[in-house]
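Each chain is listed here by its residues.
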Amino acid sequence: MPRKAGRSPEETRRTLLDAAAAVIRSRGVSASLDDIARAAGVSKGGLLYHFPAKDALVRTLAQDLLDAFRTEVEAAHDPADTAPGRLTRAYVRASLDTSHDEVAVRENIALIALLISIPEVAELARADARRWERELHDDGLPPDVVTLVVAAADGASTAPLWGVGLDVAAARKLERQLLALTLG
């Protein structure tokens, strides 16, 4: 299949990553490059032009998920907040953001669960977790507060996986409570 006219290389890469996410969610990590290319509407050669091997595609997909969360945290920074714990508060706000579709959140968590079974992706995730740990613990709050607040935010953010996501009012209440712990 030829490349769609008018689509930039960046748009094609994004389309390939989105297709890889959808196909891996439905077929697992054993999904073929042919399946992913077909879902993206490109030839296998077109896919291989952007990602020379399946492991490169999967690694980029995993990094994209990690980067997307980091971008959400950066966007959740309050420009007026200069007190210690600024990053931790942004992390809480991003983790408890209820503007995302709960089904999309559940699908994303399921995709991460599939990808983490790949050793290279697991190491990528561990490196990202170590980076978060360093950055959050250097945020000026007592380590016990950071551990408690981040664990609560992480736990609440994965609740949709079990079909019991927080409603908006409960999420906002939990967010206020966690933010208060970082200011007290």
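Above this note sits the structure.
Residues numbered from 1 in each chain as written. Predicted model: local features only at pLDDT ≥ 70, side-chain atom pairs only at ≥ 80, totals over all residues. Heavy atoms only, no water.

## Brief notes about the packing of helix α4 (residues 54–75) against helix α6 (residues 102–115)
So, point 1. Where α4 meets α6, the axes come as close as 11 Å, and the angle between the chain directions of the two elements is 135°. Taken together, the axis directions place α4 and α6 in an arrangement best described as oblique. Crossing angle aside, the handedness with which α4 passes α6 is left-handed. On α6, the residues touching V58, L61, A62 and L65 of α4 are N108, L111, I112 and L115.
So, point 2. Tallied by class, residues from the contact of α4 with α6 come to 7 nonpolar, 1 polar and no charged. (Axes fitted to C-alpha atoms, helices over the stretch in contact; angles between N-to-C directions. Helix = DSSP H or I, 4+ residues; strand = E, 2+ residues; numbered from the N terminus. Parallel < 35°, antiparallel > 145°, perpendicular 65-115°, else oblique. Left-handed = near helix turned anticlockwise from the far one by under 90°. Contact = heavy atoms within 4.5 Å. Nonpolar A, V, L, I, M, F, W, Y, C, P; charged D, E, K, R; others polar.)

## Observations concerning helix α9 (residues 168–183)
So, point 1. Taking 1.5 Å of rise per residue, the 16 residues of α9 would be expected to cover 22 Å, and the 22 Å separating its terminal C-alpha atoms lies within 8% of that figure.
So, point 2. Where α9 is concerned, the buried positions are A171, E175, L178, L179 and T182. Buried residues along α9 cover an arc of 100° about the axis, so they all sit on one side. Those residues of α9 that are exposed and aimed more than 90 degrees away from the buried face are A169 and R176.
So, point 3. Summarising the contacts, the buried residues of α9 are in contact with α5 (86–95) and α8 (143–157).
So, point 4. Measuring from the backbone nitrogen of A169 back to the side-chain oxygen at the start of α9 gives 3.2 Å, which picks out D167 as the cap. (Expected span 1.5 Å × (residues − 1). Buried < 20%, exposed > 50% of the residue type's maximum accessible area, 1.4 Å probe, protein only. Arc of directions from axis to C-beta. Polar contact = N/O pair within 3.5 Å; in protein donor to acceptor, adjacent residues only side chain to side chain.)

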